[in-house]
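Structural description and commentary
Below are the chains, spelled out letter by letter.
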There are 2 protein chains.
Amino acid sequence: MNVINASPRRKELTRLAAQLFVQEGFDRTTVRMLAQEMGIKSGSLFHHFKDKQEILAAVIEEGTQNALAIARKALAECADEPEMRLRAMARAHLETLFTDRNAHVVALFEWRRLDPAASAHLSHLRDAYEALWVAVIDDALEAGLIHGDRFLVSRFVLGALNWTVRWYDPNGPRSPDDLADELVAMIMPTSA
Amino acid sequence: MNVINASPRRKELTRLAAQLFVQEGFDRTTVRMLAQEMGIKSGSLFHHFKDKQEILAAVIEEGTQNALAIARKALAECADEPEMRLRAMARAHLETLFTDRNAHVVALFEWRRLDPAASAHLSHLRDAYEALWVAVIDDALEAGLIHGDRFLVSRFVLGALNWTVRWYDPNGPRSPDDLADELVAMIMPTSA
DNA sequence: AGAGTAACCAAGCAAGCGCTAGTGTAAATG
DNA sequence: CATTTACACTAGCGCTTGCTTGGTTACTCT
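The paragraphs below set out a description of the structure included in this document. In this text, all values refer to a predicted model and were calculated from it rather than measured experimentally.

**Section: the overall build of chain A**
When helices and strands are tallied, chain A shows nine helices and zero strands. Mapped from its N terminus to its C terminus, chain A presents α and β elements in the order α-α-α-α-α-α-α-α-α. Once the C-alpha set of chain A is aligned to its principal axes, its extents read approximately 60 × 35 × 30 Å. Taking all 192 residues of chain A together, 48% fall into the buried category.

**A closer look at the protein's contact with DNA strand C**
Surrounding DNA strand C, one finds 17 residues, the nearest of these being Thr30, Arg32 and Lys52 of chain A together with Lys41 and His48 of chain B. Of all atoms in DNA strand C that approach within 4 Å of the protein, 59% are sugar or phosphate atoms. In this structure, a phosphate oxygen belonging to DNA strand C sits 3.5 Å away from a main-chain N or O atom of threonine 29 of chain A. Histidine 48 of chain B has a polar side-chain atom sitting 2.6 Å from a phosphate oxygen of DNA strand C. Secondary structure elements with two or more residues in the surface near DNA strand C: α2 (31-38) of chain A together with α3 (45-48) of chain B. The residue inventory of the surface near DNA strand C, partitioned by class, reads three nonpolar, eight polar and six charged.

**Let's talk about the packing of helix α5 (residues 82-99) of chain B against helix α8 (residues 150-163) of chain B**
All names here are of chain B. Close contact between α5 and α8 brings their axes to 10 Å; oriented N to C, the two are set at 30 degrees. Our pair here, α5 against α8, has a crossing hand that is right-handed. Packed against α5, whose contacting residues are Ala90, His93, Leu94 and Leu97, the element α8 presents Leu158, Leu161 and Asn162 at the interface. Tallied by class, the residues present in the contact of α5 with α8 amount to five nonpolar, two polar and no charged.

**Digging into the nonpolar core**
Of all hydrophobic cores here, the largest spans 131 residues; its most connected members are Phe21 and Trp133 of chain A together with Phe21 and Trp133 of chain B. Those residues in contact with phenylalanine 21 of chain B that sit more than four places away from it in its chain are Phe26, Thr29, Leu34, Ile55, Leu56, Val59, Val106 and Glu110 of chain B.

**Quick look at the packing of helix α4 (residues 52-77) of chain B against helix α7 (residues 116-142) of chain B**
Residue and element names in this part refer to chain B. Put simply, α4 and α7 touch, their axes get as near as 10 Å, and they point 20 degrees apart. Taken as axis vectors, α4 and α7 run roughly parallel relative to one another. As α4 packs across α7, the resulting crossing turns out to be left-handed. Note on element contacts: α7 touches α4 through Ala118, His121, Leu122, Leu125, Arg126, Ala128, Tyr129, Leu132 and Val136, opposite Ala57, Ile60, Glu61, Thr64, Gln65, Ala67, Leu68, Ala71, Arg72 and Leu75. Looking at side-chain class alone, the contact of α4 with α7 contains 13 nonpolar, three polar and three charged residues.

**Examining the side chain of arginine 10 of chain A**
Residues and elements named next belong to chain A. Structurally, arginine 10 can be placed in helix α1 (residues 8-24). Given the relative accessible area of 8%, arginine 10 is considered buried. Engagement of the side chain of arginine 10 in a polar contact is seen with the backbone oxygen of histidine 48, the distance being 3.0 Å.

**Observations concerning the environment of leucine 132 of chain B**
Residues and elements named next belong to chain B. Mapped onto the elements of the fold, leucine 132 is located in helix α7. Look at leucine 132 and you get buried, because its relative accessible area is 19%. Through-space distance from the C-alpha of leucine 132 to that of leucine 75 is 9.2 Å; in sequence the pair is 57 residues apart. Residues in contact with leucine 132, not counting those within four places in the same chain, are Leu68, Ala71, Arg72, Leu75 and Met89.

**Here we look at the protein's contact with DNA strand D**
Around DNA strand D, 17 residues are found, and the nearest of them are Lys41 and His48 of chain A together with Thr30, Arg32 and Lys52 of chain B. Sugar plus phosphate, as a fraction of atoms of DNA strand D within 4 Å of the protein: 54%. Contacts to DNA strand D include arginine 32 of chain B, whose side-chain N or O atom sits 2.8 Å from a base nitrogen. Along the lines of polarity and charge, the residues of the surface near DNA strand D split into three nonpolar, eight polar and six charged.

**What to know about helix α6 (residues 101-110) of chain A**
Buried residues dominate α6 of chain A, accounting for eight of its 10 residues. Among the residues of α6 of chain A, Ala103, His104, Val105, Val106, Ala107, Leu108, Phe109 and Glu110 of chain A are the ones counted as buried. Structurally, α6 of chain A contributes buried residues whose contacts are with α1, α4 (52-77), α5 (82-99) and α8 (150-163) of chain A together with α6 (101-110) and α8 of chain B.

**Here's the deal with the packing of aromatic side chains**
On inspection of all chains with the given rule, the structure shows 12 aromatic pairs over all chains. Taken together, a centroid distance of 5.6 Å and an interplanar angle of 45 degrees make the contact between phenylalanine 109 of chain A and phenylalanine 109 of chain B tilted. Placement of the pair is phenylalanine 109 of chain A in helix α6 and phenylalanine 109 of chain B in helix α6, with the two residues belonging to separate chains. A single burial state applies to phenylalanine 109 of chain A and to phenylalanine 109 of chain B, both of which are buried. Ring geometry for tryptophan 167 of chain B and tyrosine 168 of chain B: centres 6.4 Å apart, planes at 90 degrees, overall edge-to-face. An aromatic cluster of at least three residues, connected via ring pairs, comprises Phe98, Trp167 and Tyr168 of chain A together with Phe151 and Phe156 of chain B. Cation over ring: lysine 52 of chain A sits above phenylalanine 26 of chain A, and NZ or CZ is 4.4 Å from the ring centre.

Procedures and definitions
In this numbering scheme, every chain counts its residues from 1 along its sequence in written order. Chains carry letters from A onward and ligands carry numbers from 1 onward, assigned in written order. With the structure being a predicted model, the display of local features is reserved for residues of pLDDT at least 70 and the display and counting of side-chain atom pairs for 80 or more, all residues being used for whole-chain, interface and lining totals. Hydrogens are left out, water is left out, and the side-chain values use all remaining heavy atoms of the structure. Under the scheme used here, helices are H or I runs from DSSP no shorter than 4 residues and strands are E runs no shorter than 2 residues, and both carry numbers assigned from the N terminus. Remark: exposure states derive from per-residue accessible area (1.4 Å probe, protein chains only) relative to the maximum for the residue type, with buried under 20%, exposed over 50%, and partly exposed in between. Each residue is tested against the molecule or strand, and it is near if at least one of its non-hydrogen atoms lies within 4 Å. Identification of polar contacts relies on pairs of N or O atoms within 3.5 Å, with a donor-acceptor requirement for protein atoms, meaning one able to donate a hydrogen and the other able to accept it, and with residues adjacent in sequence counted only if both atoms are side-chain atoms. Any residue outside Ala, Val, Leu, Ile, Met, Phe, Trp, Tyr, Cys, Pro, Asp, Glu, Lys and Arg is labelled polar, Gly included; the first ten of those are nonpolar and the last four are charged. Every axis in this analysis is a line fitted to C-alpha atoms, fitted for helices over the stretch in contact. Angles between the N-to-C directions lie between 0 and 180 degrees. With the far helix as reference, a near helix turned anticlockwise by less than a right angle produces a left-handed crossing, and one turned clockwise produces a right-handed crossing. In this analysis, two residues are considered to be in contact whenever any of their non-hydrogen atoms come within 4.5 Å of each other. By nonpolar core is meant a set of buried Ala, Val, Leu, Ile, Met, Phe, Trp, Tyr and Cys residues that side-chain atoms within 4.5 Å join together. By the definition adopted for this analysis, an angle is roughly parallel if under 35 degrees, roughly antiparallel if over 145, roughly perpendicular if from 65 to 115, and oblique otherwise. Here a Phe, Tyr or Trp ring, Trp counted by its six-membered ring, pairs with any other such ring whose centre lies within 6.5 Å, and the pair is stacked when the planes are under 30 degrees apart, edge-to-face when over 60, and tilted otherwise. Counted as over-ring charges are cases with an Arg CZ or a Lys NZ within 6 Å of the ring centre that also lie within 35 degrees of the ring normal.

So this is what it looks like as C-alpha cells:
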C-alpha cells in the first residue's frame, strides 16, 4: 500500500470506486470490477488499499470532508443573521450532496458495511458536521425564526435534505439553491 | 415453490427474512443464514421461494401493503378537515414505519437490489401510496394551511418522516404520534 | 389402503469471492 | 552505478455463494 495516503492516484481510484458502489452497491461490487474500472488487474488494487473495506472508508471520508469544508466556507462567507446562516447551510448541504453525489450516496446508504474501527473514526467526522447544523438551528430558534424542538427540527431538516438524493433531478428546472430556499421557506412561518 | 403464495408459513419466513436483511443487509445475508434462522436447511428454502430475490420482493411487498392499509384506514376514520387529514397521514406513516420497521427499512434501503420485474411491480404499489399523500398535501395547500410547491412539500415531508428510522428510538420519551404532530406543526405557520 | 402433496433433508456443483505470493520494470534516489 | 520505491503483473489458494438434485417424511383426502 502507498505510504502517502493521499496520492493523486488514490484519489482518482476513490472517485471511481464511489461511482461503482452507487451503481452496484458495496457488497455486489467485486474487487475485480473495481480493478477493471480503474484499468488495472485485481491484484494491483491492494497496492493502493489495504483491503476492500478501506476503499469504502476512503469514499465516505472524502465525501464527509468535502461536506465539512463547504459548510464552513459557506458559514464564513455569509451574513451573520440567523436566516442567512440557515439558508447558507441548506444550500451548502445540497451543493455538496450533488457535486459529490456518489460519495454521499455511499455514505448515506452503505455505512453499515464499515467495520467498527472505520465506523468510529467516520462517526466523529459526521458529528462535527452535524454540530454545525445544530448551532445554526439553535440560533434560528432563539431568534424566533422557526419553532419546535431543536433536536427534532434539525433531524427533520437533515432528513428532508438527504432524501433529495432519491428523487431530485439536477437536469430539471429547479436548481439546488432553489430547493434549499424552498425548504427553509417551508419551515419559516414569517416568510409565507 | 408453494402454490398458495400467501401461506402462513411463508408469511412467517418473510418476517424473519426482513429481520435478517435489516441486521446484515440483503447481499450479506446468505440463504444459509436465512434457513438457519427459520430452523430449516438451506435447500428447503427454495420450496417456499423461487430464489433469493423473491424473498426480498416478498418483504418489501408486505411492508408496502401494510403502509397502504394503515393509511387508508386512518384517512377513513379521521375528520374531513385538511389539518386532521395531514396529521392522520403523518401519524399513519410513522405507525407503520415502526410496527413494520424491518420491512420498511428493507424497502427504503435495499430496493436497488430488486430485479427489474419485481421493481416495476412494487413501484406501482409505492406510487399508490404516494398518491394518497399528494392528495392530502394538495388539500392542505388549497386550504392555505401550508405553503410551497405541492411536489416539493410532499417530498420534503416524506423524506423527513422516512429518515426517522435512522435516529428515532421507540423507547425514548417521545411517541411516534408526538413526532408526527411536531413535524406537521413545523410546516404550519398558523400553529406557532 | 392408496394417492397426492406440502415440507423438508443430505449432498454437492459450478461459479465467484477477497486476497496473497512472488515477479517484472521503469523511474527516482543515494 | 547500486539501491530503493511505486506500480503493475500472473497465478491461484481457500472459501463461500446461490441454487439443484433426488429422495424422504408426515399429513390429508378419498
